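# Fold and geometry: a report
Single-letter residue listing:
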Amino acid sequence: MVHYTINAEQIEAFERFARAWMRLVIKHGGVHHGYFLPAEGASDRAEALFSFESLAAYERYRARFGDDPEFVAADSIRDDSGCVVRYERTFMRPLLPTD
């Protein structure tokens, strides 16, 4: 899960950034469960939820950061627009219903 503080004046840029990352997660073996954007209440919070089959698979995906041109292009949306003020990544494990 990634928790974002966003620049509410740059929501369209954040949506472009989010779409680029959803495509990259899927392309590189993950499942993207979506970005959750402000609709009511605080307007500077957004969340992303995605999963990989293992930590090793996630680490292979992360190894592309900063080098792969598609990853660099996706990050440039964030960097050029200032749509993300800060973010925090949290690793979680699911507890799913059994019935």
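In this text, all values refer to a predicted model and were calculated from it rather than measured experimentally. (Residues numbered from 1 in each chain as written. Predicted model: local features only at pLDDT ≥ 70, side-chain atom pairs only at ≥ 80, totals over all residues. Heavy atoms only, no water.)

### Quick look at the confidence of the model for the protein chain
This prediction gives the protein chain a mean pLDDT of 93; 100% of its residues lie at or above 70. No element of the protein chain has a lower mean pLDDT than helix α2 (residues 55-62), which averages 90, and none a higher one than strand β1 (residues 2-6), which averages 97. (pLDDT = per-residue confidence, 0-100. Helix = DSSP H or I, 4+ residues; strand = E, 2+ residues; numbered from the N terminus.)

### Structural notes on the sheet that holds β1
What holds strands together in a sheet is hydrogen bonding between their backbones, with the strands either parallel or antiparallel. Taking strand neighbours across the sheet as the criterion, the four strands line up as β2-β3-β1-β4 in an open arrangement whose pairing is antiparallel. One side of each edge strand has no neighbouring strand; the edge strands of this open sheet are β2 (31-36) and β4 (84-89). For this sheet, the mean angle separating the axes of adjacent strands, direction not counted, is 15 degrees. Of the pairings in the sheet, the one linking β2 to strand β3 (residues 45-51) comprises four bridges and is antiparallel in character. Along β3, the bridge assignment pairs Tyr 35 with Ala 48. Sheet contacts for helix α1 (residues 11-27): β1, β2, β3 and β4; angle to β2, the most-contacted strand, approximately 170 degrees. (Pairing = 2+ DSSP bridges. Axes fitted to C-alpha atoms, helices over the stretch in contact; angles between N-to-C directions. Contact = heavy atoms within 4.5 Å.)

### A few points about α1
With 17 residues, α1 extends 24 Å between its outermost C-alpha atoms, agreeing within 8% with the 24 Å of an ideal straight helix rising 1.5 Å per residue. Where α1 is buried, its residues meet β1, β2, β3, α2, α3 (69-81) and β4. (Expected span 1.5 Å × (residues − 1).)

### Re the packing of α1 against α3
Here α1 crosses α3 at 160 degrees, and the two axes come no closer than 9 Å. By the angle between their axes, α1 is roughly antiparallel relative to α3. Relative to α3, the crossing made by α1 is left-handed. Across the interface between the two elements, Ala 13, Arg 16, Phe 17, Ala 20, Trp 21, Arg 23, Leu 24 and Lys 27 of α1 pack against Glu 70, Phe 71, Ala 74, Asp 75, Ile 77, Arg 78 and Ser 81 of α3. Tallied by class, residues from the contact of α1 with α3 come to eight nonpolar, one polar and six charged. (Parallel < 35°, antiparallel > 145°, perpendicular 65-115°, else oblique. Left-handed = near helix turned anticlockwise from the far one by under 90°. Nonpolar A, V, L, I, M, F, W, Y, C, P; charged D, E, K, R; others polar.)

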